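Structural characterization, general
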Amino acid sequence: MKRFIIAFIAAFIFIFLWGWFYNGTLLKDVFAEAQTLFRPREEMMGLFHWIIIGQAGLALAFVMIYASGFAGGGIAAGVRLGIMLEILAIGARCAIYATQPFPAKLLVLISIGGFIEMIVTGVIVGAIYKPAAARTS
Amino acid sequence: MKAPGFHGLTKKPQQTEIMDWKKFFIAFVAAFGFMFVFGFIWYGKLMQGAHMEVPALWRPEADFGSHFSWLVFGHIVMAVFLTLLCSKFVPAGGAGPCAHLGVLLALVYVGNDFITYAVQPLTMKILCGWIVGALIQFGVAAAIIGAIYKSASPATIQVPKS
């Protein structure tokens, strides 16, 4: 349980910092090109706790899936899980692209960032979380 | 924390599961069919009123029609990788264990939905609808896959006696 919690906290911190750096800073101008699809900045800041809850939920779901079926495979299994989850997310993003007028460039850049995010999260979770049996052997 | 494992997931080290590609394909087609039809009914029909509260967020009808192939492609990608995840990590199959995996995968989407709610002008009704929709869509699709797909009989690797 201790390693589960540490893996969750580490994954959450990384996802939060990466989200701030990549989406909040690097892609700031690209997001601005589709301003009509987003809330005004002040309104977004007022709902910031939803971002925290969402990122915590994402990190928790990742660690739960890893612990349920991937644990024991170490970092490689974590990376594999991260890649599969991001490809699933890209599938959902294609469906979003069909329904919402996002610029394709923005969704491609978000997907590139998503791959990096999920792969590094996989490395972090795979390195920290070990099932009880693996630790005692 | 002890890794609970999905029921039927536990592997004996001497055995390897063989992918049954015919069942894999049938499971994928069934999952795709369910996800697409459910998505059309849930998001396209039942939630249409909620979506129309923020019309600026959506493509006009004609524009949506010209991007429809992306909707189909996205569902194919989701169905393929959901089938792959279920077949690789619940090789013994079974609707229950796969539904469990499907619900956990839906929680990843739920996390993203919360973030989307913070940055896009969605209503709370849309957020709740998307969350319930993701849980049903992935839970049931994964259960369908689990009911159809089982890996072929495990091949026992002969360990030479030393």
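Source: prediction; values computed, not measured.

Conventions we followed
Residues numbered from 1 in each chain as written. Chains lettered and ligands numbered in written order. Predicted model: local features only at pLDDT ≥ 70, side-chain atom pairs only at ≥ 80, totals over all residues. Helix = DSSP H or I, 4+ residues; strand = E, 2+ residues; numbered from the N terminus. Contact = placed C-beta atoms within 7 Å. Nonpolar A, V, L, I, M, F, W, Y, C, P; charged D, E, K, R; others polar. Expected span 1.5 Å × (residues − 1). Buried ≥ 20, exposed ≤ 12 C-beta atoms within 10 Å, placed from the backbone. Axes fitted to C-alpha atoms, helices over the stretch in contact; angles between N-to-C directions. Parallel < 35°, antiparallel > 145°, perpendicular 65-115°, else oblique. Left-handed = near helix turned anticlockwise from the far one by under 90°. pLDDT = per-residue confidence, 0-100.

Now for the overall build of chain A. When its secondary structure is counted, chain A shows seven helices and zero strands. With respect to the principal axes defined by its C-alpha atoms, chain A has extents near 55 × 30 × 20 Å. Across chain A, contacts joining residues at least 24 apart in sequence account for 87% of those joining residues at least 6 apart.

Right, let's get into the interface of chain B and chain A. Counting residues at the interface gives 42 residues for chain B, matched by 42 residues for chain A. Of all elements in the fold, only helix H4 (68-89) and helix H5 (95-119) of chain B reach the threshold of two or more residues within the side of chain B that touches chain A. Split by residue class, the side of chain B that touches chain A holds 33 nonpolar, seven polar and two charged.

Another aspect to go through is H5 of chain B. The terminal C-alpha atoms of H5 of chain B lie 36 Å apart, and with 25 residues this matches the ideal 36 Å at 1.5 Å per residue to within 8%. Judged by how many residues are buried, H5 of chain B sits mostly within the fold: 20 of 25 residues are covered.

All right, on to the packing of helix H1 (residues 2-26) of chain A against helix H4 (residues 48-70) of chain A then. Residues and elements named next belong to chain A. At a closest axis distance of 8 Å, the pairing of H1 and H4 adopts a crossing angle of 135 degrees. Taken together, the axes of H1 and H4 lie oblique to each other. Both H1 and H4 take part in a crossing whose hand is right-handed. Between H1, through Phe 4, Ala 7, Phe 8, Ala 11, Phe 12, Ile 15, Phe 16 and Gly 19, and H4, the contact on the second element is made entirely by Gln 55, Ala 56, Leu 58, Ala 59, Leu 60, Phe 62, Val 63 and Ala 67. Across the contact of H1 with H4, the residue classes tally to 14 nonpolar, two polar and no charged.

Any residue range with low pLDDT should be treated as having predicted coordinates unsuitable for detailed reading. Residue and element names in this part refer to chain B. Summary statistics for chain B give a mean pLDDT of 85 and a share of 82% for residues scoring 70 or more. The least confident element of chain B, judged by mean pLDDT, is strand E2 (residues 152-156) at 50; the most confident is helix H6 (residues 124-148) at 96. Note on residues 1-15: pLDDT is under 50 here. Beyond four places in sequence and across chains, it has 39 contacts. Ignoring residues within four places in sequence, the model shows residues 155-162, a span with pLDDT below 50, making seven contacts including any to other chains. The ipTM assigned to the predicted complex is 0.92, against a pTM of 0.86.

Looking now at helix H6 (residues 104-128) of chain A. Residues and elements named next belong to chain A. With 25 residues, H6 should reach 36 Å at 1.5 Å per residue; the first-to-last C-alpha distance of 36 Å fits that figure. Considered for burial, the residues of H6 that qualify are Ile 110, Gly 114, Glu 117, Met 118, Thr 121, Gly 122, Ile 124, Val 125, Gly 126 and Ile 128. The inward-facing, buried residues of H6 contact H1, H4 and helix H5 (74-99).

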